[in-house]
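Summary of structural features
Okay, here's what each chain looks like letter by letter:
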There are 2 protein chains.
Amino acid sequence: MDKIITISRQYGSGGREIGQKIAERYGIPFYDNELITRAAKESGFAEESFERAEDKATNSLLYSLAMGINVYGNQDFGFSGLSLDDRIFLAQSDVIRKVAEEGPCVIVGRCADYVLKEREDTINIFVRASMSFRLHRAIHDYHIEEKKAADYILKNDKRRGNYYSYHVGEKWTNLNNYDLVIRSDIKGIDQAVDCICTYLGD
Amino acid sequence: MDKIITISRQYGSGGREIGQKIAERYGIPFYDNELITRAAKESGFAEESFERAEDKATNSLLYSLAMGINVYGNQDFGFSGLSLDDRIFLAQSDVIRKVAEEGPCVIVGRCADYVLKEREDTINIFVRASMSFRLHRAIHDYHIEEKKAADYILKNDKRRGNYYSYHVGEKWTNLNNYDLVIRSDIKGIDQAVDCICTYLGD
């Protein structure tokens, strides 16, 4: 298996876990928070800013308006005129391109499919699941309060969708952005991993 | 394998062939033109009207306007006030529900995912592919003239998308409508069949 695998995922769908299992099966690196940490260290930004970046976009209009009141970089930094969020996105994108250069790996989130779109060796996967499956995971695995869980899930998806459309300029839910879209709840996480590995081959 | 499998597909993606191979592997019925023929016979409409139905919708506004000048059913038929196209869709939907009642099968096109959405035993698949793969198939397998092939493919996709959004009220390319979306050109038709069968299980 000689591919760079990117995974986009609905909140609570198990996309991150699926990504980890694929990475383990092929013995290749897995990036999500690791990636953020590495980006933060290399660019000198505070790690906390990076961790919040994907959750920040509320919708592209509000986001664009908000850019005006963000802290701007100085001329020396080379990103003059860009918001802090945009600079974080660019720094993350640099890291994504670097780890992809190093060889096959799994990268979760952060519009990696878009960042690496010029590479022909990427496989872009989207993981989705039913609301009941995601509710169960949110409550039991992520310890989200039961009565707030549905709202929390929908808000997270909205943020991820807005983050994607802001940076990529396309709808997050457009199937043309992905090579494989899989619903993880019908036969479970492990069956989804098997299916993806059958698709990827040896 | 105890599922009803519906397949939506971009023109030239090999979705029909994939559907046939899945049906063969599980030894279950496969429906597309067969389905149309059966619908036509049961409802008494001319077969030709059915064959053109999916290709007729150009966009929902034009389509709706066109409904006004269509031949209307009489009171006895029970579809009074519906256009011929809508009556054809209803007759097809009846057939889809009937064949699904008979047991596991593969149904290609005709918004079968939507028609069967109340059934919990359906798996909805969308097959897509790169333009170059589809061009090759259009020219070599379907004998479309080379210089007209790209336009032909795009027009067919547009018609299928409009047909879906007209009848279902949702975007054809919204990944939330499907359990599995697969790009058939990366590893080929047979690998796609293997992947889908891994997903479906025994």
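Scope of this entry: the structure provided in the associated data block. What you see is a predicted model; the values in this text were computed from it and never measured.

Thoughts on the packing of helix α9 (residues 189-200) of chain A against helix α9 (residues 189-200) of chain B
- Following both chains from N to C, one finds α9(A) and α9(B) inclined at 170 degrees, their axes separated by 8 Å at the closest point. In this view, α9(A) runs roughly antiparallel relative to α9(B), as classed from their interaxial angle. For the pair formed by α9(A) and α9(B), the contact residues are Q191(A), D194(A), C195(A), T198(A), Y199(A) and L200(A) on the first element and Q191(B), D194(B), C195(B), T198(B), Y199(B) and L200(B) on the second.
- A per-class count over the contact of α9(A) with α9(B) returns six nonpolar, four polar and two charged.

Observations concerning the nonpolar core
- The biggest cluster of nonpolar side chains holds 45 residues, and the ones touching the most others in it are I22(A), V106(A), I5(B), I22(B) and V106(B).
- Leave out the neighbours within four places in its chain, and I5(B) touches I22(B), I28(B), C105(B), V106(B), I107(B), I123(B), I125(B) and L200(B).
- Of all hydrophobic cores here, the second largest spans 44 residues; its members include V95(A), A112(A), W172(B) and L175(B).

Brief notes about the side chain of T122(A)
All names here are of chain A.
- Inspection of the secondary structure assignment puts T122 in strand β4 (residues 122-128).
- A polar side-chain atom of T122 sits 3.5 Å from the main-chain carbonyl oxygen of R119.
- Not counting residues up to four positions away in its chain, the partners in contact with T122 are I4, L116 and D179.

Conventions adopted
Residues numbered from 1 in each chain as written. Chains lettered and ligands numbered in written order. Predicted model: local features only at pLDDT ≥ 70, side-chain atom pairs only at ≥ 80, totals over all residues. Heavy atoms only, no water. Axes fitted to C-alpha atoms, helices over the stretch in contact; angles between N-to-C directions. Helix = DSSP H or I, 4+ residues; strand = E, 2+ residues; numbered from the N terminus. Parallel < 35°, antiparallel > 145°, perpendicular 65-115°, else oblique. Contact = heavy atoms within 4.5 Å. Nonpolar A, V, L, I, M, F, W, Y, C, P; charged D, E, K, R; others polar. Core = buried A, V, L, I, M, F, W, Y, C linked by side-chain atoms within 4.5 Å. Buried < 20%, exposed > 50% of the residue type's maximum accessible area, 1.4 Å probe, protein only. Polar contact = N/O pair within 3.5 Å; in protein donor to acceptor, adjacent residues only side chain to side chain.

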